Amino acid sequence: PFLSIPKWFERSQKIRLSLGKQMFKKYIAYNGKPDIVHVHSFLIGELALWIKENYSIPFVITEHSTGFSRRIYSQKTVNFAKKVFVNSKACIAVSEPFCNLMSDLFKMPFQYIPNVVDTSFFTLKQKSHSDEFIFLNIGHLDKKKNQAGLIKTFSNLFNGNQKYQLKIVGQGIEFTSLQNLINKLNISDQVHLLGKKSRDEVKEIIHRSDCFVLASKFETFGVVLIEAMSCGLSVLSTKSGGPESIITNDALGILCEHDELEKGLIDITNKVFDPKVIRNYVLNNFSEKIIFEKLIRIYE
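The following refers to the structure shown. (Residues numbered from 1 in each chain as written. Predicted model: local features only at pLDDT ≥ 70, side-chain atom pairs only at ≥ 80, totals over all residues. Heavy atoms only, no water.)

## Focus: the sheet that holds strand 1 (residues 37-40)
- One open sheet accounts for four strands, arranged 1-2-3-4; its pairing is parallel. A strand with exactly one partner marks an edge of an open sheet, and here the two such strands are strand 1 and strand 4 (111-112).
- Here four bridges tie strand 1 to strand 2 (residues 59-63), and the two strands are oriented parallel to one another. Looking at strand 2, one finds that His38 is bridged to Val60. (Pairing = 2+ DSSP bridges. Helix = DSSP H or I, 4+ residues; strand = E, 2+ residues; numbered from the N terminus.)

So, in C-alpha coordinates, the structure goes:
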(Lines give C-alpha, C1' and ligand atoms only; values in the text may rest on other atoms or scores of the structure.)
Protein backbone atom coordinates (compact mmCIF):
# COMPACT_ATOMS: atom_id res chain seq x y z
CA PRO A 1 0.00 0.00 0.00
CA PHE A 2 1.12 3.55 -0.76
CA LEU A 3 -0.36 7.01 -1.16
CA SER A 4 -1.54 7.14 -4.77
CA ILE A 5 -2.22 10.60 -6.15
CA PRO A 6 -4.96 10.60 -8.83
CA LYS A 7 -3.83 11.43 -12.38
CA TRP A 8 -0.17 11.18 -11.38
CA PHE A 9 0.42 7.92 -13.17
CA GLU A 10 4.22 8.16 -13.46
CA ARG A 11 4.73 8.72 -9.72
CA SER A 12 2.53 5.75 -8.82
CA GLN A 13 4.27 3.64 -11.46
CA LYS A 14 7.72 4.37 -9.98
CA ILE A 15 6.61 3.52 -6.46
CA ARG A 16 4.92 0.30 -7.62
CA LEU A 17 8.09 -0.71 -9.44
CA SER A 18 10.33 -0.02 -6.43
CA LEU A 19 8.08 -1.94 -4.04
CA GLY A 20 7.62 -4.73 -6.58
CA LYS A 21 11.37 -5.24 -6.95
CA GLN A 22 11.73 -5.56 -3.18
CA MET A 23 8.87 -8.04 -2.97
CA PHE A 24 10.18 -10.13 -5.88
CA LYS A 25 13.67 -10.38 -4.38
CA LYS A 26 12.12 -11.46 -1.08
CA TYR A 27 10.03 -14.04 -2.97
CA ILE A 28 13.15 -15.52 -4.63
CA ALA A 29 14.98 -15.67 -1.29
CA TYR A 30 12.21 -17.85 0.15
CA ASN A 31 11.02 -19.81 -2.90
CA GLY A 32 13.69 -19.68 -5.61
CA LYS A 33 13.13 -18.43 -9.15
CA PRO A 34 9.68 -19.04 -10.64
CA ASP A 35 9.30 -20.43 -14.17
CA ILE A 36 6.75 -17.88 -15.29
CA VAL A 37 5.13 -14.66 -14.08
CA HIS A 38 1.42 -13.93 -14.56
CA VAL A 39 0.65 -10.20 -14.66
CA HIS A 40 -2.83 -8.85 -13.92
CA SER A 41 -3.14 -5.44 -15.63
CA PHE A 42 -0.51 -3.57 -17.61
CA LEU A 43 -0.28 -1.06 -14.72
CA ILE A 44 2.28 -3.32 -13.02
CA GLY A 45 3.82 -4.32 -16.34
CA GLU A 46 7.09 -2.47 -15.77
CA LEU A 47 7.91 -4.90 -12.97
CA ALA A 48 7.33 -7.85 -15.33
CA LEU A 49 9.59 -6.21 -17.93
CA TRP A 50 12.30 -5.73 -15.27
CA ILE A 51 12.01 -9.37 -14.14
CA LYS A 52 12.21 -10.58 -17.74
CA GLU A 53 15.29 -8.46 -18.45
CA ASN A 54 17.17 -9.26 -15.21
CA TYR A 55 16.12 -12.85 -14.55
CA SER A 56 15.12 -14.10 -18.03
CA ILE A 57 11.71 -15.17 -16.71
CA PRO A 58 8.87 -14.89 -19.27
CA PHE A 59 5.46 -13.50 -18.42
CA VAL A 60 1.86 -13.65 -19.57
CA ILE A 61 -0.72 -10.95 -18.92
CA THR A 62 -4.43 -10.84 -18.21
CA GLU A 63 -5.91 -7.39 -18.81
CA HIS A 64 -8.92 -6.22 -16.79
CA SER A 65 -8.91 -2.42 -17.05
CA THR A 66 -12.07 -0.64 -18.23
CA GLY A 67 -9.85 2.35 -18.99
CA PHE A 68 -9.36 1.11 -22.56
CA SER A 69 -13.10 0.89 -23.30
CA ARG A 70 -13.67 4.24 -21.56
CA ARG A 71 -10.69 5.69 -23.48
CA ILE A 72 -9.36 7.51 -20.42
CA TYR A 73 -5.67 6.72 -20.94
CA SER A 74 -3.27 9.17 -22.57
CA GLN A 75 -1.38 8.16 -25.68
CA LYS A 76 1.77 7.86 -23.58
CA THR A 77 0.05 5.37 -21.27
CA VAL A 78 -1.35 3.42 -24.23
CA ASN A 79 2.15 3.24 -25.73
CA PHE A 80 3.48 1.88 -22.45
CA ALA A 81 0.67 -0.71 -22.34
CA LYS A 82 1.59 -1.82 -25.86
CA LYS A 83 5.22 -2.32 -24.80
CA VAL A 84 4.01 -4.63 -22.02
CA PHE A 85 1.68 -6.56 -24.34
CA VAL A 86 4.32 -6.96 -27.07
CA ASN A 87 6.79 -8.45 -24.58
CA SER A 88 4.25 -10.85 -23.10
CA LYS A 89 4.24 -14.50 -24.19
CA ALA A 90 0.43 -14.46 -24.16
CA CYS A 91 -2.15 -11.68 -23.89
CA ILE A 92 -5.46 -12.55 -22.26
CA ALA A 93 -8.67 -10.52 -21.84
CA VAL A 94 -11.51 -11.44 -19.51
CA SER A 95 -14.48 -11.20 -21.88
CA GLU A 96 -15.04 -11.73 -25.59
CA PRO A 97 -16.09 -8.11 -26.37
CA PHE A 98 -13.08 -6.83 -24.39
CA CYS A 99 -10.87 -9.31 -26.23
CA ASN A 100 -12.04 -7.94 -29.57
CA LEU A 101 -11.58 -4.34 -28.41
CA MET A 102 -8.00 -4.99 -27.24
CA SER A 103 -7.09 -6.91 -30.41
CA ASP A 104 -8.37 -4.05 -32.57
CA LEU A 105 -6.76 -1.33 -30.45
CA PHE A 106 -3.30 -2.90 -30.30
CA LYS A 107 -3.34 -4.82 -33.62
CA MET A 108 -2.27 -8.05 -31.93
CA PRO A 109 -4.03 -11.22 -30.76
CA PHE A 110 -5.71 -11.41 -27.35
CA GLN A 111 -7.36 -14.61 -26.18
CA TYR A 112 -10.43 -14.92 -23.99
CA ILE A 113 -10.14 -16.54 -20.57
CA PRO A 114 -12.75 -15.35 -18.07
CA ASN A 115 -12.30 -14.64 -14.40
CA VAL A 116 -12.75 -17.45 -11.90
CA VAL A 117 -15.27 -17.92 -9.08
CA ASP A 118 -14.76 -19.98 -5.94
CA THR A 119 -17.74 -22.34 -6.31
CA SER A 120 -16.83 -24.12 -3.05
CA PHE A 121 -17.45 -20.85 -1.18
CA PHE A 122 -20.31 -19.38 -3.23
CA THR A 123 -22.64 -22.33 -2.73
CA LEU A 124 -26.23 -22.92 -3.84
CA LYS A 125 -28.73 -20.95 -1.74
CA GLN A 126 -31.70 -22.56 -0.05
CA LYS A 127 -35.14 -21.88 -1.50
CA SER A 128 -36.58 -18.64 -0.15
CA HIS A 129 -39.91 -18.67 1.67
CA SER A 130 -40.17 -14.87 2.00
CA ASP A 131 -42.94 -12.87 0.34
CA GLU A 132 -40.42 -10.12 -0.48
CA PHE A 133 -38.57 -9.93 -3.79
CA ILE A 134 -35.05 -8.67 -3.10
CA PHE A 135 -32.90 -7.15 -5.85
CA LEU A 136 -29.18 -7.05 -5.02
CA ASN A 137 -26.34 -4.92 -6.35
CA ILE A 138 -22.73 -5.27 -5.19
CA GLY A 139 -19.92 -3.01 -6.32
CA HIS A 140 -17.82 0.07 -5.79
CA LEU A 141 -20.08 3.09 -5.47
CA ASP A 142 -19.08 5.31 -8.38
CA LYS A 143 -20.74 6.72 -11.48
CA LYS A 144 -19.32 3.99 -13.70
CA LYS A 145 -21.36 1.40 -11.79
CA ASN A 146 -24.53 3.49 -12.26
CA GLN A 147 -26.20 2.71 -8.92
CA ALA A 148 -27.99 6.08 -9.22
CA GLY A 149 -29.66 4.98 -12.45
CA LEU A 150 -30.67 1.69 -10.83
CA ILE A 151 -32.19 3.45 -7.81
CA LYS A 152 -34.20 5.86 -10.01
CA THR A 153 -35.48 3.02 -12.18
CA PHE A 154 -36.40 0.95 -9.13
CA SER A 155 -38.26 3.94 -7.66
CA ASN A 156 -40.21 4.52 -10.88
CA LEU A 157 -41.47 0.94 -10.78
CA PHE A 158 -41.81 -0.07 -7.15
CA ASN A 159 -41.99 3.05 -4.95
CA GLY A 160 -44.56 2.28 -2.23
CA ASN A 161 -44.78 -1.44 -3.00
CA GLN A 162 -43.07 -2.96 0.04
CA LYS A 163 -42.87 -6.39 -1.59
CA TYR A 164 -39.91 -5.17 -3.65
CA GLN A 165 -36.62 -4.29 -1.97
CA LEU A 166 -33.23 -3.19 -3.34
CA LYS A 167 -30.03 -3.78 -1.38
CA ILE A 168 -26.73 -2.23 -2.45
CA VAL A 169 -23.45 -3.48 -0.98
CA GLY A 170 -20.24 -1.48 -1.31
CA GLN A 171 -18.54 1.78 -0.52
CA GLY A 172 -17.17 4.65 -2.60
CA ILE A 173 -17.29 8.36 -3.33
CA GLU A 174 -20.96 8.21 -4.39
CA PHE A 175 -22.24 6.87 -1.04
CA THR A 176 -23.53 10.22 0.31
CA SER A 177 -24.95 11.23 -3.06
CA LEU A 178 -26.82 7.92 -3.37
CA GLN A 179 -28.20 8.17 0.16
CA ASN A 180 -29.43 11.70 -0.59
CA LEU A 181 -31.11 10.39 -3.75
CA ILE A 182 -32.84 7.64 -1.77
CA ASN A 183 -34.10 10.19 0.78
CA LYS A 184 -35.27 12.56 -1.97
CA LEU A 185 -37.29 9.77 -3.63
CA ASN A 186 -38.77 8.74 -0.25
CA ILE A 187 -37.77 5.09 -0.67
CA SER A 188 -35.46 4.61 2.32
CA ASP A 189 -37.76 1.82 3.54
CA GLN A 190 -37.18 -0.09 0.26
CA VAL A 191 -33.65 0.82 -0.90
CA HIS A 192 -30.84 0.08 1.53
CA LEU A 193 -27.16 1.06 1.25
CA LEU A 194 -25.40 -1.60 3.31
CA GLY A 195 -21.83 -0.29 2.99
CA LYS A 196 -18.76 -2.50 2.97
CA LYS A 197 -19.28 -6.13 3.98
CA SER A 198 -16.97 -9.08 4.61
CA ARG A 199 -16.82 -11.97 2.17
CA ASP A 200 -18.92 -14.14 4.50
CA GLU A 201 -21.49 -11.38 4.90
CA VAL A 202 -21.65 -10.94 1.13
CA LYS A 203 -22.44 -14.63 0.66
CA GLU A 204 -25.15 -14.46 3.32
CA ILE A 205 -26.74 -11.42 1.62
CA ILE A 206 -26.65 -13.18 -1.76
CA HIS A 207 -28.40 -16.21 -0.22
CA ARG A 208 -31.17 -13.94 1.09
CA SER A 209 -31.72 -12.26 -2.30
CA ASP A 210 -33.80 -13.20 -5.35
CA CYS A 211 -32.07 -11.45 -8.26
CA PHE A 212 -28.72 -9.79 -8.85
CA VAL A 213 -28.76 -6.55 -10.88
CA LEU A 214 -25.76 -4.94 -12.56
CA ALA A 215 -26.48 -1.54 -14.14
CA SER A 216 -22.88 -0.60 -15.02
CA LYS A 217 -21.96 1.64 -17.92
CA PHE A 218 -18.63 -0.18 -18.39
CA GLU A 219 -17.49 -3.66 -17.31
CA THR A 220 -14.65 -5.77 -18.68
CA PHE A 221 -16.16 -8.80 -16.96
CA GLY A 222 -18.36 -8.64 -13.84
CA VAL A 223 -17.11 -11.09 -11.18
CA VAL A 224 -20.08 -10.24 -8.94
CA LEU A 225 -22.36 -11.77 -11.58
CA ILE A 226 -20.72 -15.19 -11.47
CA GLU A 227 -20.52 -15.08 -7.67
CA ALA A 228 -24.29 -14.54 -7.50
CA MET A 229 -24.94 -17.13 -10.22
CA SER A 230 -22.78 -19.66 -8.37
CA CYS A 231 -25.34 -19.30 -5.55
CA GLY A 232 -28.17 -19.93 -8.04
CA LEU A 233 -29.43 -16.33 -8.41
CA SER A 234 -30.90 -15.13 -11.67
CA VAL A 235 -29.16 -12.01 -13.00
CA LEU A 236 -30.13 -8.87 -14.84
CA SER A 237 -27.40 -6.79 -16.45
CA THR A 238 -26.97 -3.94 -18.86
CA LYS A 239 -24.83 -4.58 -21.94
CA SER A 240 -21.62 -2.99 -20.73
CA GLY A 241 -18.83 -5.03 -22.35
CA GLY A 242 -18.29 -7.94 -19.96
CA PRO A 243 -21.70 -9.40 -19.03
CA GLU A 244 -22.34 -10.30 -22.68
CA SER A 245 -19.86 -13.17 -22.20
CA ILE A 246 -21.62 -14.32 -19.02
CA ILE A 247 -25.38 -14.11 -19.61
CA THR A 248 -25.42 -16.19 -22.77
CA ASN A 249 -28.97 -17.58 -22.66
CA ASP A 250 -32.43 -16.84 -21.24
CA ALA A 251 -32.22 -19.59 -18.60
CA LEU A 252 -29.60 -17.55 -16.71
CA GLY A 253 -31.16 -14.10 -16.63
CA ILE A 254 -31.71 -11.05 -18.78
CA LEU A 255 -29.24 -8.90 -20.72
CA CYS A 256 -30.61 -5.50 -21.70
CA GLU A 257 -29.67 -2.17 -23.23
CA HIS A 258 -29.14 0.73 -20.81
CA ASP A 259 -32.50 2.29 -21.72
CA GLU A 260 -34.27 -1.06 -21.21
CA LEU A 261 -33.42 -1.50 -17.51
CA GLU A 262 -36.99 -0.75 -16.43
CA LYS A 263 -38.39 -3.43 -18.73
CA GLY A 264 -35.69 -5.84 -17.53
CA LEU A 265 -36.66 -5.34 -13.88
CA ILE A 266 -40.31 -6.06 -14.69
CA ASP A 267 -39.56 -9.08 -16.88
CA ILE A 268 -37.23 -10.76 -14.40
CA THR A 269 -39.82 -10.57 -11.61
CA ASN A 270 -42.32 -12.40 -13.82
CA LYS A 271 -40.03 -15.24 -14.92
CA VAL A 272 -39.18 -18.43 -13.03
CA PHE A 273 -35.53 -19.57 -13.05
CA ASP A 274 -34.00 -22.87 -11.97
CA PRO A 275 -31.16 -22.14 -9.48
CA LYS A 276 -29.50 -25.51 -10.19
CA VAL A 277 -29.32 -24.78 -13.93
CA ILE A 278 -27.70 -21.41 -13.22
CA ARG A 279 -25.15 -22.88 -10.81
CA ASN A 280 -24.28 -25.75 -13.16
CA TYR A 281 -23.59 -23.23 -15.91
CA VAL A 282 -21.08 -21.49 -13.61
CA LEU A 283 -19.47 -24.81 -12.64
CA ASN A 284 -18.99 -25.67 -16.32
CA ASN A 285 -17.64 -22.28 -17.40
CA PHE A 286 -16.12 -20.29 -14.52
CA SER A 287 -15.07 -22.74 -11.79
CA GLU A 288 -11.45 -23.05 -10.67
CA LYS A 289 -11.05 -26.41 -12.42
CA ILE A 290 -12.19 -25.06 -15.79
CA ILE A 291 -10.19 -21.81 -15.70
CA PHE A 292 -7.04 -23.42 -14.26
CA GLU A 293 -6.97 -25.98 -17.08
CA LYS A 294 -7.00 -23.16 -19.63
CA LEU A 295 -4.26 -21.22 -17.82
CA ILE A 296 -2.02 -24.25 -17.36
CA ARG A 297 -2.17 -24.93 -21.11
CA ILE A 298 -0.91 -21.40 -21.71
CA TYR A 299 1.83 -21.76 -19.10
CA GLU A 300 3.00 -25.00 -20.71
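Let's pick the thread back up.
## Comments concerning the packing of helix 9 (residues 223-230) against helix 11 (residues 275-285)
- The interhelical angle for the contact between helix 9 and helix 11, taken along N-to-C directions, is 125°, at an axis separation of 8 Å. When the interaxial angle is binned, helix 9 and helix 11 end up oblique. Across the interface between the two elements, Ile226, Met229 and Ser230 from helix 9 touch Ile278, Arg279, Tyr281 and Val282 from helix 11.
- For the contact of helix 9 with helix 11, the residue count by class is five nonpolar, one polar and one charged. (Axes fitted to C-alpha atoms, helices over the stretch in contact; angles between N-to-C directions. Parallel < 35°, antiparallel > 145°, perpendicular 65-115°, else oblique. Contact = heavy atoms within 4.5 Å. Nonpolar A, V, L, I, M, F, W, Y, C, P; charged D, E, K, R; others polar.)

## Section: the layout of surface pockets
- In this structure, the largest pocket spans a volume of roughly 610 Å³.
- Looking at the largest pocket, it is lined by 25 residues, and the ones nearest its centre are Lys125, Lys127, Asp210, Phe273 and Pro275.
- Counting only elements with at least two residues in the lining of the largest pocket, the list comes to helix 10 (261-269) and helix 11.
- By residue number, the principal contributor to the lining of the largest pocket is helix 11, which donates three residues.
- Residues of the lining of the largest pocket, tallied by class, amount to nine nonpolar, seven polar and nine charged. (1 Å grid on protein atoms, 1.4 Å probe; cavity = no way out; pocket = protein on both sides within 12 Å on 5 of 7 lines; lining within 4 Å. Points joined across faces, edges and corners; volume = space filled by probe spheres on them.)

## Observations regarding a nonpolar patch on the surface
- A cluster of nonpolar side chains, namely Val116, Phe292, Ile296 and Tyr299, defines an oily patch on the protein surface of about 330 Å² accessible area.
- Along the polypeptide, Ile296 turns up in helix 12 (residues 288-299). (Patch = residues over 30% accessible without salt bridge, like charges linked within 9 Å, V, L, I, M, F, W, Y side chains within 5 Å. Areas by Shrake-Rupley, 256 points an atom, 1.4 Å probe, with all protein chains shown as cover. Salt bridge = Lys/Arg side-chain N within 4 Å of Asp/Glu carboxyl O.)

## Notes on a positive patch on the surface
- Side chains of Lys143, Lys152, Lys184 and Lys217 sit close together on the surface and give a patch of like positive charge.
- Topologically, Lys143 is positioned in the loop between strand 5 (133-138) and helix 6 (147-158). (Lys, Arg positive; Asp, Glu negative; His and termini not counted. Charge placed at Lys NZ, Arg CZ, Asp CG, Glu CD.)

## So, the pairing of strand 8 (residues 211-214)
- Of the two faces of strand 8, both are covered, the one formed by Cys211 and Val213 as well as the one formed by Phe212 and Leu214.
- Here strand 5 pairs with strand 8 via two bridges, running parallel. Considered in strand 8, the bridge of Leu136 is made with Phe212.
- Taking the sense of rotation as the criterion, the β-α-β connection linking strand 8, helix 9 and strand 9 (residues 234-238) turns out right-handed. (Buried < 20%, exposed > 50% of the residue type's maximum accessible area, 1.4 Å probe, protein only. Right-handed = clockwise from strand over helix to strand, strands pointing away.)

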